[in-house]
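Spelled out, the chains give:
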Amino acid sequence: NLQLNTHRKCIIEASNGEEEIKIKVPNGHVSFMHHLWISTKDHQLQNFHDLPLSRFVFRQHKGEDMEIQLALPAQGKYKLELFVNNCPETSRTHSWACIYVILNDAAKEGIVPLPANVRSQWGPGPDLFRAGLKPISHEDAVIEAEFGVAHLKFKAERDVEMLHTLHSNTFSKEDLTKNALVYQEGVYMMVKVKLPSAGEYALNLYAEDVGKDGSFTNVC
């Protein structure tokens, strides 16, 4: 039941290293994975200068769409593989959904990798809702922190606990332990972030039901 909102052909000619693919997901309880490869003379590689190419892919659920934004770091031929699991509650198996060849004739100057993200997806998604949390203040994956400050609010549909980590390409999560705070106000879980300098940061949120065994899951 997926629908291609863009790029119905398997070959994509990227514009200056940047491209956006949108797939409609009528059933929101779908889990995605992706792999990005670059072709060299003899091999296909998932790294670029010792960095995973996944650091140049920004993927998020937005409404009924899965959005995949590419910022390709070098000229060349790429392969993007998309996988889907329509029963993430009971299975960890992902199947191929589609594969694209991406021809990038020029890389945009100043492209930098995203901060590392073990989830491969950004922002609120089905796993957050399965954890009993609903985003109230920010439904998108990108937050503009004016003057370096951001306040996030989630409604807890059941008794849950939350933890966080914060890091960037410049600072480790150990450096930033005091720059974010998680606390509860009634049925709402609040996250306050105060960033030390301009730049891009990755805020990872973990949750589990109160009274469970302490195995927190990265949900956003």
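Quick summary incoming for the structure in this document.

Definitions and limits used
- Residues numbered from 1 in each chain as written.
- Predicted model: local features only at pLDDT ≥ 70, side-chain atom pairs only at ≥ 80, totals over all residues.
- Heavy atoms only, no water.
- Pairing = 2+ DSSP bridges.
- Helix = DSSP H or I, 4+ residues; strand = E, 2+ residues; numbered from the N terminus.
- Axes fitted to C-alpha atoms, helices over the stretch in contact; angles between N-to-C directions.
- Salt bridge = Lys/Arg side-chain N within 4 Å of Asp/Glu carboxyl O.

It is worth spelling out the sheet that holds strand β15 (residues 180-185) at this point. What the 4 strands build is an open sheet, ordered β12-β13-β16-β15; its pairing is antiparallel. Only two strands of the sheet have a single neighbouring strand rather than two, namely β12 (133-135) and β15. Across the sheet, the mean angle from the axis of one strand to that of its neighbour is 25°, orientation sign disregarded. Relative to strand β13 (residues 149-156), β12 is paired through 3 bridges, and the arrangement is antiparallel. When the sheet's bridge partners are listed, Pro-135 is paired in β13 with Phe-154.

This part covers the sheet that holds strand β4 (residues 31-39). As summarised here, the arrangement of the 5 strands in space is β2-β11-β10-β4-β5, forming an open sheet in which the pairing is mixed. Here the strands that pair on one side only, and so sit at the sheet edges, are β2 (11-14) and β5 (44-45). One ladder, built from 8 bridges, connects β4 with strand β10 (residues 76-85); its direction is antiparallel. Bridging across to β10, Leu-36 finds its partner in Leu-80.

This model, assessed by the stated rule, comprises 7 salt bridges. Put simply, Lys-24 and Glu-64 hold a salt bridge, and the shortest N to O gap is 3.8 Å. Here the residue Lys-24 occupies a position in strand β3 (residues 18-24), and Glu-64 occupies one in the loop between β8 (57-62) and β9 (65-71), the gap between them amounting to 40 residues. As a salt-bridge pair, Asp-209 and Lys-212 come within 3.7 Å of each other at their nearest N and O atoms. Bridged by salt links that share partners, the residues Arg-158, Asp-209 and Lys-212 form one connected network.

It is worth stressing that arrangement in space is one thing and function is another; only the former is reported here.
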